[in-house]
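# Working through the structure, step by step
Listed below, chain by chain, are the residues.
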Amino acid sequence: MLQQSSMAVFSSSTEPVFAFRPSQFSSQPATPPSFGFFFKFDAAVMTHHRYRRLRHSSSSSKLSVPILACRASRDSHETDSSCRKDDAHLVHGLSETIVGVLGGGQLGRMLCQAASKMAIKVMVLDPSENCPASAVAYDHMVGSFDDSDTVQEFAKRCGVLTVEIEHVDASTLEKLEQQGVDCEPRASTIRIIQDKYLQKVHFSRHDIPLPEFMEIDDLEGAKKAGVQFSYPLMIKSKRLAYDGRGNAVAKSEEELSSAIDALGGFGRGLYVEKWAPFVKELAVIVARGRDSSILCYPVVETIHKENVCHIVKAPADVPWRVRKLANDVAHKAMSSLEGAGVFAVELFLTMDGQILLNEVAPRPHNSGHHTIESCYTSQYEQHLRAVVGLPLGNTSMKTPAAIMYNLLGEDDGEPGFKMANQTIARALEIPGATVHWYDKPDMRKQRKMGHITLVGTSVGVLEARLKSMLKEEGYENPNEVAPRVGIVMGSDSDLSVMKDAARILNMFGVSNEVRIVSAHRTPELMYTYACSARERGIQVIIAGAGGAAHLPGMVAALTPLPVIGVPVRASTLDGIDSLLSIVQMPRGVPVATVAVNNATNAGLLAVRILGAGDTDLWTRMNQYQEDTRDFVLSKADKLRKDGWEAYLNQ
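So, here is what we can say about the structure in this document. (Residues numbered from 1 in each chain as written. Predicted model: local features only at pLDDT ≥ 70, side-chain atom pairs only at ≥ 80, totals over all residues. Heavy atoms only, no water.)

Turning our attention to the nonpolar core. In a soluble, globular protein the nonpolar side chains are often hidden away together inside. Counting 26 residues, the largest nonpolar core has Leu282, Met334, Leu347 and Leu357 as the members making the most contacts within it. Where this core is concerned, the elements lending two or more residues are helix H5 (187–194), strand E12 (278–288), helix H9 (320–335), strand E16 (341–350) and strand E17 (355–361). At 6 residues, H9 tops the list of elements feeding residues into this core. When sequence neighbours within four positions are dropped, the list of residues in contact with methionine 334 reads Val286, Arg288, Ile294, Phe343, Val345 and Val360. Val540, Val594, Ala599 and Ala606 belong to the second largest nonpolar core, which has 25 residues in total. (Core = buried A, V, L, I, M, F, W, Y, C linked by side-chain atoms within 4.5 Å. Buried < 20%, exposed > 50% of the residue type's maximum accessible area, 1.4 Å probe, protein only. Helix = DSSP H or I, 4+ residues; strand = E, 2+ residues; numbered from the N terminus. Contact = heavy atoms within 4.5 Å.)

The strands making up a sheet are joined through hydrogen bonds of the backbone, oriented either antiparallel or parallel. If you walk across this open sheet you meet the 5 strands as E22-E21-E23-E24-E25, and the pairing is parallel. Pairing within the sheet leaves two strands with one partner each, and these edge strands are strand E22 (512–516) and strand E25 (592–593). When strand E24 (residues 563–568) meets E25, the two strands line up parallel, connected through 2 bridges. For glycine 565, the partnering residue across the bridge sits in E25 and is threonine 593. On top of the sheet, helix H14 (residues 495–507) reaches strand E21 (485–489), E22, strand E23 (540–546) and E24; it is set at about 175° to E21, its chief contact. Lying over the sheet, helix H16 (residues 551–558) contacts E21, E23 and E24, oriented at roughly 150° with respect to E23. (Pairing = 2+ DSSP bridges. Axes fitted to C-alpha atoms, helices over the stretch in contact; angles between N-to-C directions.)

Attention now goes to a nonpolar patch on the surface. Taken together, the side chains of Ile576, Leu580 and Val583 define a hydrophobic patch exposed on the protein surface, amounting to about 250 Å² of accessible area. Considering the arrangement of structural elements, one finds isoleucine 576 in helix H17 (residues 576–583). With relative accessibility at 45%, the residue isoleucine 576 sits in the partly exposed group. (Patch = residues over 30% accessible without salt bridge, like charges linked within 9 Å, V, L, I, M, F, W, Y side chains within 5 Å. Areas by Shrake-Rupley, 256 points an atom, 1.4 Å probe, with all protein chains shown as cover. Salt bridge = Lys/Arg side-chain N within 4 Å of Asp/Glu carboxyl O.)

To continue, consider a negative patch on the surface. On the surface, a cluster of negative charge is contributed by Asp217, Asp218, Glu220, Glu253, Glu254 and Glu255. Mapped onto the elements, aspartate 218 comes out in the loop between strand E8 (213–216) and helix H7 (219–229). The exposure class of aspartate 218 is partly exposed, given its relative accessible area of 39%. (Lys, Arg positive; Asp, Glu negative; His and termini not counted. Charge placed at Lys NZ, Arg CZ, Asp CG, Glu CD.)

Next up on the list: unusual backbone geometry. Each neighbour pair has its own omega, and for tyrosine 231 with proline 232 the value is 0°, a cis peptide bond. Each neighbour pair has its own omega, and for alanine 314 with proline 315 the value is -5°, a cis peptide bond. One non-glycine residue, asparagine 307, adopts positive backbone phi at about 70°. The backbone of asparagine 597 sits at a positive phi, close to 70°, despite the residue not being glycine. Following the sequence through the fold, asparagine 597 ends up in the loop between E25 and helix H18 (599–611). Residue asparagine 597 is classed as partly exposed on the basis of its relative accessible area, which comes to 23%.

Residue position: valine 286 is located in strand E12. Look at valine 286 and you get buried, because its relative accessible area is 0%. Along the backbone, valine 286 and proline 362 are 76 residues apart, and their C-alpha atoms lie at a distance of 9.7 Å. Setting aside anything within four residues of it in sequence, one finds valine 286 in contact with Ile294, Leu295, Cys296, Ala330, Met334, Gly341, Val342, Phe343 and Val345.

Right, let's get into the packing of helix H15 (residues 523–532) against H16. The contact between H15 and H16 brings their axes to 8 Å, and the two run at 50°. Viewed along their axes, H15 and H16 adopt a mutual orientation that is oblique. Every pair of crossing elements has a handedness; the one defined by H15 and H16 is right-handed. Packed against H15, whose contacting residues are Met526, Tyr527, Ala530 and Cys531, the element H16 presents Leu551, Met554, Val555 and Leu558 at the interface. Of the residues that constitute the contact of H15 with H16, the class distribution is 8 nonpolar, no polar and no charged. (Parallel < 35°, antiparallel > 145°, perpendicular 65-115°, else oblique. Left-handed = near helix turned anticlockwise from the far one by under 90°. Nonpolar A, V, L, I, M, F, W, Y, C, P; charged D, E, K, R; others polar.)

Let's shift gears to the sheet that holds strand E10 (residues 247–250). Pairing is antiparallel in the open sheet, where 4 strands are placed in the order E8-E11-E9-E10. Every interior strand has two partners, whereas the edge strands, E8 and E10, have only one. For this sheet the average axis-to-axis angle between neighbouring strands, irrespective of direction, equals 30°. The pairing of strand E9 (residues 233–237) with strand E11 (residues 270–274) spans 5 bridges and is classified as antiparallel. Each residue of the ladder has a partner; that of leucine 233, found in E11, is lysine 274. The strands touched by H7 are E8, E9 and E11; relative to E8, the strand with the most contacts, the crossing angle is about 165°.

A few words on the pattern of salt bridges. With the rule as written, the count across this model stands at 25 salt bridges. Between lysine 280 and glutamate 301 there is a salt bridge; the shortest N-O distance is 3.9 Å. Placement of the pair is lysine 280 in strand E12 and glutamate 301 in strand E14 (residues 300–305), with a sequence separation of 21 residues. Judged by relative accessible area, glutamate 301 falls into the buried class, the value being 12%. Here aspartate 614 and arginine 484 are joined by a salt bridge, their closest N and O atoms 3.0 Å apart.

Let us look at the pairing of E12. Within E12, 8 of the 11 residues are buried, which leaves it mostly tucked inside the rest of the structure. The sheet contact formed by E12 and E16 spans 10 bridges and is antiparallel. Across the sheet, alanine 283 pairs through a bridge with glutamate 346, a residue of E16. As judged from the 3 bridges shared by E12 and E14, these two strands associate in the antiparallel manner. Directly across from glutamate 281, in E14, lies its bridge partner threonine 302.

Examined against the element boundaries, glutamate 513 turns out to sit in strand E22. Under the relative-accessibility criterion, glutamate 513 is labelled buried at 7%. A distance of 3.0 Å separates the side chain of glutamate 513 from the side chain of arginine 536, its partner in a polar contact. For glutamate 513, the contacting residues outside a window of four places in its chain are Pro483, Val485, Gly486, Ile487, Tyr529, Arg536 and Ile538. (Polar contact = N/O pair within 3.5 Å; in protein donor to acceptor, adjacent residues only side chain to side chain.)

All chains considered together, the criterion is met by 5 aromatic pairs. Consider the rings of tyrosine 197 and tyrosine 271, whose centres lie 5.9 Å apart with planes at 55°: the pair is tilted. Residue tyrosine 197 is located in helix H6 (residues 196–205), and its partner tyrosine 271 is located in strand E11; the two are separated by 74 residues in the primary sequence. Tyrosine 271 sits in the buried class, given a relative accessible area of 1%. Clustering of aromatic rings is evident, with ring pairs tying together Tyr197, Phe213 and Tyr271. (Phe/Tyr/Trp six-rings, centres within 6.5 Å; stacked < 30°, edge-to-face > 60°.)

Pasting the structure below:
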């Protein structure tokens, strides 16, 4: 489909010429986009041109009609008098600002996809004619995003300039800002972040916890660092380091020279970090608005393959204290930088529970891909909101769990495409799976070609589906439904009672499992069951017990899930002992309960608990109540009509 869009073609004299969409040719004055980005044009002349989307480079031939544009300004709306408009201009839609993105890779592609939902226009600057963003961008200028002249010409077409890769010319951005061009995030932030050593220095000055680090200029300095930090020693390039590039590990002093040579030598600019004994790598996507407001997305765990992000689990399986600490570190780091947008803060969780900042990216990030399906506001929509000045969106997850799997090239060329297609085909059969393909023309080993996001009731359930997708041994059925309710009892003698809970759950279509788990005879099994229930997708546990009835309370002590205890009538005390045991749990260990032997009500209560966040179950429960009412009313009506004697004799 041809897209009708505005575009610019520059002559060798760099004079900007614009073609406009038909909607802009009106008898009314042209309405300027927000943030002071205005157009001046001769509509009568422009009607002789076809309105179509054109790809072009900065050296394209000159059109016959010169049409000028006023440059956007971050802090002022002052323009040439020919471009000045009424202050009361009403913006049509969310924003009329044209967003210029330096870089047109997969991040730029997903920015464009998010922009299309809001009708925000995104132009990209990328040297490749077939870059991933090209097919979905409002416009694509073919040119280098680290070439100063090209970037300056590109900036003339945009209301705000942002990046999808930090390896741009920060000096050019600073120059543009001095000229009044709106750059988000600020050039000062890009300059700090694109140099990993300067980044460390900056954050250390703001008391952000970091691994110890040191600049090295020669082999002697590297040896001194090895003595001070011990081995293994992480050696890093200051610039152009990402996806594992620019990092080398020296396990001993003898390996220093080879590690340094692998990074290109001291001429590239190197520094060393003390090895961080981390147990998990975490990440936090952080959004920063133009008003300096900051919102954090849920903490995720990242798993790398050959130093490239491979799998992301959301939320991270870490204690709440660790999540809060990670968010606090990320928030503090962002507070020290300037400019609006989405940032990724990569972190280490150490063995002693510390959070150390690894590095920051000033753009959407691989660790936030899952937000497209799992969060109320994706990181891409959020970045656009931030840079054009819209309110930041809700960062919370709308699904209990998500896993993002990077489709990395497993081989070069056609064999790699074939293997990727096989994985995609299996993914499309998995409930809750969404495939994103970046449409890169060339397949290379370890190249990011796409990603797959799985959403579901728990990370544990999604891990099983992921293993099935990857055809790992023992995981053959990706459509197997995980139980939402676990029904446990201390003995099979309780099954005659507990079966009623299972029947109710089946009636409501709630997946469940029935297990024998004894608090006294199999305490290890009880412990394992209770501790693993959440990760396996269970959301409610119904525990039946007679006599001492310790099972419900012990399970409740081991899991944060809601537990419903069913007192089962035993041979003595008529079940009253079981009831009293269940309801007399100490403070802090709540257990709901029902009448003796009333597993039916336990099943109904479980459905109500689940229905609080499941509209389908809520509707079914509402219908169940109406049916129960109607059933009772029909019996009451029959009794009234027939009389009690006839009623009893039926």
